[in-house]
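Results of the structural survey
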Amino acid sequence: MSAAESQLFFARALLLILLYTFIAAVALLLWRELRQARLRRADLRTELPGARLIVLAGGSSDRPPGTAFPLPPVAAIGRDLDNQIVFVDPTVSGRHAVLNLRDGAWWIEDLDSTNGSRVNGRGIEAGQPALLRSGDVVQLGEIRLRLVSSQG
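Residues numbered from 1 in each chain as written. Predicted model: local features only at pLDDT ≥ 70, side-chain atom pairs only at ≥ 80, totals over all residues. Heavy atoms only, no water.

Quick look at unusual backbone geometry
Selection criterion: Put simply, DSSP marks the helices as runs of H or I at least four residues long and the strands as runs of E at least two long, and each gets a number from the N terminus on. A 1.4 Å probe rolled over the protein chains alone gives each residue an accessible area, and that area as a share of the maximum for its type sets the label: buried under 20%, exposed over 50%, partly exposed in between.
The backbone phi angle of Asp103 is positive, close to 50 degrees, even though this residue is not glycine. Tracing the backbone shows Asp103 in the loop between strand 5 (97-102) and strand 6 (105-110). Since its relative accessible area comes to 85%, Asp103 is described here as exposed. Positive phi values are uncommon outside glycine, yet Asp112 reaches one of about 60 degrees. Within the secondary structure, Asp112 sits in the loop between strand 6 and strand 7 (117-119). Asp112 sits in the exposed class, given a relative accessible area of 63%.

Here is the structure:
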């Protein structure tokens, strides 16, 4: 093997080592980022003891009355599958409303849904959070839910 062939062989080997190192570094960064995102999402999904929504009327969804949904501190409700609480019902918007626990009280905000949101029969204005108390009935389209919570 000549000196030129040896140098070419070592250059190729070095390039291959650098390429695999780069690929491993990218994979490690992606793994860390996905792990952190999963942990952040798990924090948002932490359920509060006893806080839940109970279906009173499921509309045309497959959720029968009595179905209970444990509530995390922030819960998006709608037809889209990326919501924490999903109702496949034509009267519910993709991103219909969001429930938030703030300062020890539950709040609901309509996200400019097509059919609106109601609390105890009263319509709530889109973008204006409304205070909820345990026992209140929330209506999203034809879906009716009761909030049961030790907070508020």
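Picking up after the structure, the text goes on.
Topic: the side chain of Asn100
Test applied: Any two residues having at least one pair of non-hydrogen atoms within 4.5 Å are treated as being in contact.
Checked against the element boundaries, Asn100 lands in strand 5. Look past the residues within four positions of Asn100 in its chain and what remains in contact with it is Pro73, Val74, Ala105, Trp106 and Trp107.

Remarks on the packing of aromatic side chains
Heads up, the condition is: Only centres within 6.5 Å qualify two rings of Phe, Tyr or Trp (six-membered ring in Trp) as a pair; their planes then separate them into stacked at under 30 degrees, edge-to-face at over 60, and tilted for everything else.
According to the stated counting rule, one finds two aromatic pairs in the structure shown. Judged by centre distance (5.6 Å) and plane angle (70 degrees), the ring pair of Phe9 and Phe10 falls under edge-to-face. Like Phe9, the residue Phe10 is exposed in the burial classification. For the pair Phe69 and Phe87, a centre-to-centre distance of 5.5 Å together with 70 degrees between the ring planes defines the contact as edge-to-face. Taken together, the residues span a long stretch of sequence, with Phe69 in strand 2 (residues 68-70) and Phe87 in the loop between strand 4 (85-86) and strand 5 at a distance of 18 residues. Classification of Phe87 by relative accessible area gives buried; the value is 0%.

What about the environment of Phe10?
In this structure, Phe10 sits in helix 1 (residues 3-44). For Phe10, a relative accessible area of 57% puts it in the exposed group. Spatially, the C-alpha atoms of Phe10 and Arg133 are 72 Å apart, while their sequence positions differ by 123 residues.

Considerations on the nonpolar core
It is characteristic of soluble globular proteins that their nonpolar side chains tend to be buried jointly. The test is simple: For our purposes a nonpolar core is just a set of buried Ala, Val, Leu, Ile, Met, Phe, Trp, Tyr and Cys residues, chained together by side-chain atoms within 4.5 Å.
By size, the foremost hydrophobic cluster in this structure holds 23 residues, and its most contacted members are Leu53, Leu71, Ile85, Phe87, Leu99, Ile108 and Leu132. Listing elements by their share of this core, those giving two or more residues are strand 1 (52-57), strand 3 (74-78), strand 5, strand 6, strand 9 (130-132), strand 10 (137-140) and strand 11 (143-148). The element contributing the most residues to this core is strand 11, with three residues. Ignoring anything within four residues of it in the chain, the contact list for Leu132 reads Leu99, Trp106, Trp107, Ile108, Val119, Val138 and Leu147.

Remarks on the pattern of salt bridges
Heads up, the condition is: Criterion for a salt bridge: a side-chain nitrogen of Lys or Arg within 4 Å of a carboxyl oxygen of Asp or Glu.
Taken as a whole and assessed by the stated rule, the structure comprises one salt bridge. Of the charged contacts in the structure, one is a salt bridge between Arg63 and Asp62, with a shortest N-O distance of 3.8 Å.

What to know about the sheet that holds strand 7
Where we set the bar: Note on pairing: DSSP must find at least two bridges between two strands before they are called paired. In this analysis an axis means a line fitted to C-alpha atoms, helices contributing only their contacting stretch, and an angle means the value between N-to-C directions, from 0 to 180 degrees.
Strand order in this open sheet of six strands is 2-1-11-10-7-8, and the pairing throughout is antiparallel. Edge positions in the sheet fall to strand 2 and strand 8 (122-124), since each has one partner strand and no second. Looking at each pair of strands side by side, their axes are set apart by 30 degrees on average, direction ignored. As paired strands, strand 7 and strand 8 are joined by three bridges and run antiparallel to one another. Paired with Val119 across the bridge in strand 8 is Arg122.

Here we look at the sheet that holds strand 9
Strand order in the open sheet formed by five strands is 4-3-5-6-9, with mixed pairing between adjacent strands. Each edge of the open sheet is held by one strand with a lone partner, namely strand 4 and strand 9.

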